[in-house]
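Commentary on secondary and tertiary structure
Each chain, letter by letter, is given below.
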Amino acid sequence: MADSSAGESPVWKTPEGEPVSCVEKIKVLNENLAELRALAQDALEDAVLMGCDERQVREVLAQIVGGLVNPYRR
């Protein structure tokens, strides 16, 4: 798997562990990831410029991701 923290895209996998092979699905997933990364970067930069603690901002961002709900869970 690619190091997604370095801006590279991961190898997207199915719940069974197989790689997703549909080029259009991979394109959408990678675009979504890039948008999230850019928005999170902007939020971090804004917070730091306004005098917030970087560690706290990172923790809040992690909490947001951790709190996401899968509406399709069976």
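The preceding data block contains the structure.
I will try to describe carefully the structure that is included in this document. As the structure is a computational prediction, the values presented were derived from the model and not from experiment.

**Some details on the pattern of salt bridges**
- Tallied over the full model, the rule gives 2 salt bridges.
- Arginine 55 serves as the salt-bridge partner of aspartate 53, at 3.9 Å between the closest nitrogen and oxygen.
- Overall, the relative accessible area of 38% leaves aspartate 53 in the partly exposed class.
- According to the relative accessible area criterion, arginine 55 is exposed, its value standing at 59%.
- Arginine 58 is paired through a salt bridge with glutamate 54; the nearest N and O atoms lie 2.9 Å apart.

**Looking at the layout of surface pockets**
- Estimates place the volume of the second largest pocket at around 230 Å³.
- Every residue along the wall of the second largest pocket is listed here: Trp12, Leu29, Asn32, Leu33, Leu36 and Leu68.
- Split by residue class, the lining of the second largest pocket holds 5 nonpolar, 1 polar and no charged.

**Considering the packing of helix 1 (residues 23–49) against helix 2 (residues 54–66)**
- At a closest axis distance of 9 Å, the pairing of helix 1 and helix 2 adopts a crossing angle of 150°. Note on packing geometry: the crossing formed by helix 1 with helix 2 is right-handed. Residues Ala40, Leu44, Ala47 and Val48 of helix 1 lie in contact with helix 2, whose contacting residues are Glu54, Val57, Arg58 and Leu61.
- Here the contact of helix 1 with helix 2 is composed, by residue class, of 6 nonpolar, no polar and 2 charged.

Criteria and thresholds
- Residues numbered from 1 in each chain as written.
- Predicted model: local features only at pLDDT ≥ 70, side-chain atom pairs only at ≥ 80, totals over all residues.
- Heavy atoms only, no water.
- Salt bridge = Lys/Arg side-chain N within 4 Å of Asp/Glu carboxyl O.
- Buried < 20%, exposed > 50% of the residue type's maximum accessible area, 1.4 Å probe, protein only.
- 1 Å grid on protein atoms, 1.4 Å probe; cavity = no way out; pocket = protein on both sides within 12 Å on 5 of 7 lines; lining within 4 Å.
- Points joined across faces, edges and corners; volume = space filled by probe spheres on them.
- Nonpolar A, V, L, I, M, F, W, Y, C, P; charged D, E, K, R; others polar.
- Axes fitted to C-alpha atoms, helices over the stretch in contact; angles between N-to-C directions.
- Helix = DSSP H or I, 4+ residues; strand = E, 2+ residues; numbered from the N terminus.
- Left-handed = near helix turned anticlockwise from the far one by under 90°.
- Contact = heavy atoms within 4.5 Å.

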